[in-house]
Amino acid sequence: MIRLYLSRLLLGRLLGALIGLAAMLQLLELFEKAGTIFAHGGFLDILHFIGLRLPAILSESLPLAVLIGALLAFRGLAAGLEVTTLRAAGMSIAQMVMALMPLCLLLTLVQFGLQNEVAPRADRAFEDWWARTIPPAADAPVPPPLWLRAGGDVAAVNRVSLDGRQVEGVTLIERSAKGDVTAEITAPSAEVGARGWVLAQPRIAQAGNGKVREEASLTWPAGPSPANMVALVRPTDSQTLEKLIGTLKGRWVGIQGPSYYRTALYEAFAVLFAPVIMLLLAAPVLLAPPRSEGNGMATATGLVLGLGYLVCAGLLNAFGESGAVPPWLAGWLVPVFSLAYAILRLMQSDDA
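Residues numbered from 1 in each chain as written. Predicted model: local features only at pLDDT ≥ 70, side-chain atom pairs only at ≥ 80, totals over all residues. Heavy atoms only, no water.

Attention shifts here to the overall build of the chain. The helix and strand inventory of the chain stands at 11 helices and 8 strands. Over its C-alpha atoms the chain spans a radius of gyration of 26 Å, topping by over 25% the 20 Å that the globule rule assigns to 352 residues. In terms of principal-axis extent, the alpha carbons of the chain reach across some 90 × 50 × 30 Å. Put simply, the chain has 352 residues, and 43% of those count as buried. (Helix = DSSP H or I, 4+ residues; strand = E, 2+ residues; numbered from the N terminus. Rg over C-alpha atoms; globule rule 2.2 N^0.38 Å. Buried < 20%, exposed > 50% of the residue type's maximum accessible area, 1.4 Å probe, protein only.)

Let us now look at the environment of A190. With respect to the secondary-structure elements, A190 resides in strand β4 (residues 181–193). Setting aside residues no more than four positions away along its own chain, A190 makes contact with R165, Q166, V167, V170, W197, V198 and L199. (Contact = heavy atoms within 4.5 Å.)

Moving on to the pairing of strand β3 (residues 166–175). Examined bridge by bridge, strand β2 (residues 153–160) and β3 share 6 bridges and lie antiparallel to one another. Across the sheet, the residue bridging to V160 is V167, located in β3. Counted between consecutive antiparallel strands, the loop separating β2 from β3 contains 5 residues, among which G164 sits at a positive phi close to 75°. Strand direction decides the pairing type here: β3 and β4, joined by 9 bridges, are antiparallel. Of the residues in β4, the one forming a bridge with V170 is A187. (Pairing = 2+ DSSP bridges.)

Between its terminal C-alpha atoms helix α5 (residues 101–133) stretches 44 Å, which fits the 48 Å expected from 33 residues at 1.5 Å a residue. Bending of α5 peaks at approximately 45° at the position of L114. (Expected span 1.5 Å × (residues − 1). Bend = angle between axes of the 7 residues up to and from the residue.)

With that out of the way, let us pick up the nonpolar core. Formed by 51 residues in total, the largest nonpolar core has its most connected members in F74, M96, V97, L279 and L280. Of all the secondary-structure elements, those providing two or more residues to this core are α1 (2–40), α2 (43–79), α3 (82–88), α4 (93–99), α5, α9 (274–282), α10 (293–322) and α11 (327–351). Core analysis: the next-biggest nonpolar cluster, separate from the first, contains 21 residues, V160, A183, L199 and L232 among them. (Core = buried A, V, L, I, M, F, W, Y, C linked by side-chain atoms within 4.5 Å.)

A surface patch of nonpolar side chains, about 450 Å² in accessible area, is lined by M24, L27, L28 and F31. Relative to the helices and strands, L27 is located in helix α1. When its relative accessible area of 44% is taken as the criterion, L27 is described as partly exposed. (Patch = residues over 30% accessible without salt bridge, like charges linked within 9 Å, V, L, I, M, F, W, Y side chains within 5 Å. Areas by Shrake-Rupley, 256 points an atom, 1.4 Å probe, with all protein chains shown as cover. Salt bridge = Lys/Arg side-chain N within 4 Å of Asp/Glu carboxyl O.)

On to the environment of I50. Mapping I50 onto the fold places it in helix α2. Through-space distance from the C-alpha of I50 to that of L15 is 18 Å; in sequence the pair is 35 residues apart. Look past the residues within four positions of I50 in its chain and what remains in contact with it is Q26 and L30.

Note that D128 resides in helix α5. Within the local environment of D128, its side chain forms a polar contact with the side chain of R234, the two groups lying 3.0 Å apart. When residues no more than four places from it in sequence are discounted, the contact partners of D128 are V230 and R234. (Polar contact = N/O pair within 3.5 Å; in protein donor to acceptor, adjacent residues only side chain to side chain.)

Interaxial distance between α1 and α5 falls to 14 Å at its minimum, and their mutual angle equals 10°. What the angle tells us is that α1 and α5 run roughly parallel. Listed contacts from α5 to R3, S7, L10, L11, L14, K33, T36, I37 and H40 of α1 are P102, L103, L107, W130 and T133. Its residues assigned to classes, the contact of α1 with α5 shows 8 nonpolar, 4 polar and 2 charged. (Axes fitted to C-alpha atoms, helices over the stretch in contact; angles between N-to-C directions. Parallel < 35°, antiparallel > 145°, perpendicular 65-115°, else oblique. Nonpolar A, V, L, I, M, F, W, Y, C, P; charged D, E, K, R; others polar.)

Okay, the side chain of S238 next. Tracing the sequence through the fold places S238 in the loop between α6 (226–233) and α7 (241–249). Looking at S238, its side chain comes within polar contact range of the side chain of D123, at 3.1 Å. Beyond its immediate sequence surroundings of up to four residues, S238 is in contact with A119, P120 and D123.

Packing of α2 against α9 leaves a shortest axis separation of 8 Å and a crossing angle of 30°. By the angle between their directions, the pair α2 and α9 is classed as roughly parallel. Handedness of the α2/α9 crossing: right-handed. Listed contacts from α9 to P63, V66, L67, A70, L71 and F74 of α2 are A274, P275, M278, L279 and A282. The class makeup of the residues in the contact of α2 with α9 is 11 nonpolar, no polar and no charged. (Left-handed = near helix turned anticlockwise from the far one by under 90°.)

Another aspect to go through is unusual backbone geometry. A positive phi is found at Q201, a non-glycine position, where the angle reads about 50°. The residue Q201 is located in the loop between β5 (196–200) and β6 (203–206) in this model.

Here is the structure:
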């Protein structure tokens with residue numbers, strides 16, 4: 001019964017915080033995009049925009065919502081002297097926190113699914129919908145060529161169709177197994193056929209002998225799939241685990257370096273720590289004297305520590321993605337250190 005009561009109390013505060021944070025972030029995005037959407041669509045497009053952006057916003061907001069919900073719930077328990085009653089009955093602060101771990105585990109799974117599966121797919125759908133619904137302005141600058149590496153080849157394309165099945169202005173640099181350039185192929189266009197990518201009217205310049213020849217068509221076996229081509233020309237901030245692993249294994253073409261994808265992969269699993277860390281950082285509020293300055297100070301300290309965890313994790317991940325620090329260090333240092341610190345802080349508070 002105590003576990004159910006504490007879980008319901010935390011869940012209620014958490015959902016209130018999550019709804020508030022998500023609504024605020026959603027409104028900020030709407031203020032920026034609503035005029036553009038209404039210029040090319042209507043009210044239904046606004047609803048579509050909200051639906052596609054909501055998973056990413058929920059994923060970003062959930063760790064902070066857990067922190068705020070736990071702080072509010074624990075502060076209410078302390079202010080109502082319920083903590084005093086539970087401790088008098090022989091229940092320690094650690095036992096109160098452990099009673100909330102099943103709910104915390106559920107939140108962890110929700111966060112993992114949102115960040116690594118639901119949000120990336122929604123982001124991909126949003127980018128495709130935005131490209132179809134909001135055409136580029138007439139005076140928009142011409143985007144630079146898209147450079148990519150497919151297998152051992154390096155390629156550049158000037159324009160990619162919305163569905164990724166046709167490209168224009170192709171430059172393909174073929175390389176040997178040792179990395180030496182063997183040929184440079186240019187073609188005005190290419191499209192996906194039954195045999196994969198087919199270059200139209202390619203002009204082939206062989207390296208070393210200076211000979212140039214023209215063909216009616218030429219296959220490009222290493223060319224990325226249409227879906228991959230779309231992902232390259234309209235990238236999203238997040239990718240599914242399948243795409244991250246596929247990029248590192250060479251089954252999916254990316255536009256970033258290996259450090260970026262390794263760090264993102266470590267970050268995808270490190271997010272499992274976030275709800276537990278937020279709950280533990282908020283736990284000392286249970287021991288703060290009710291209706292006193294100490295209660296407010298403990299709440300503010302928990303909030304600062306939780307925000308500090310999010311900022312430090314994001315900053316170190318940025319360093320890892322750029323290659324400034326090893327990806328494993330960028331992904332795991334802050335979560336592991338924060339978890340150890342939160343447990344130690346809780347043990348010290350419980351012994352006080």
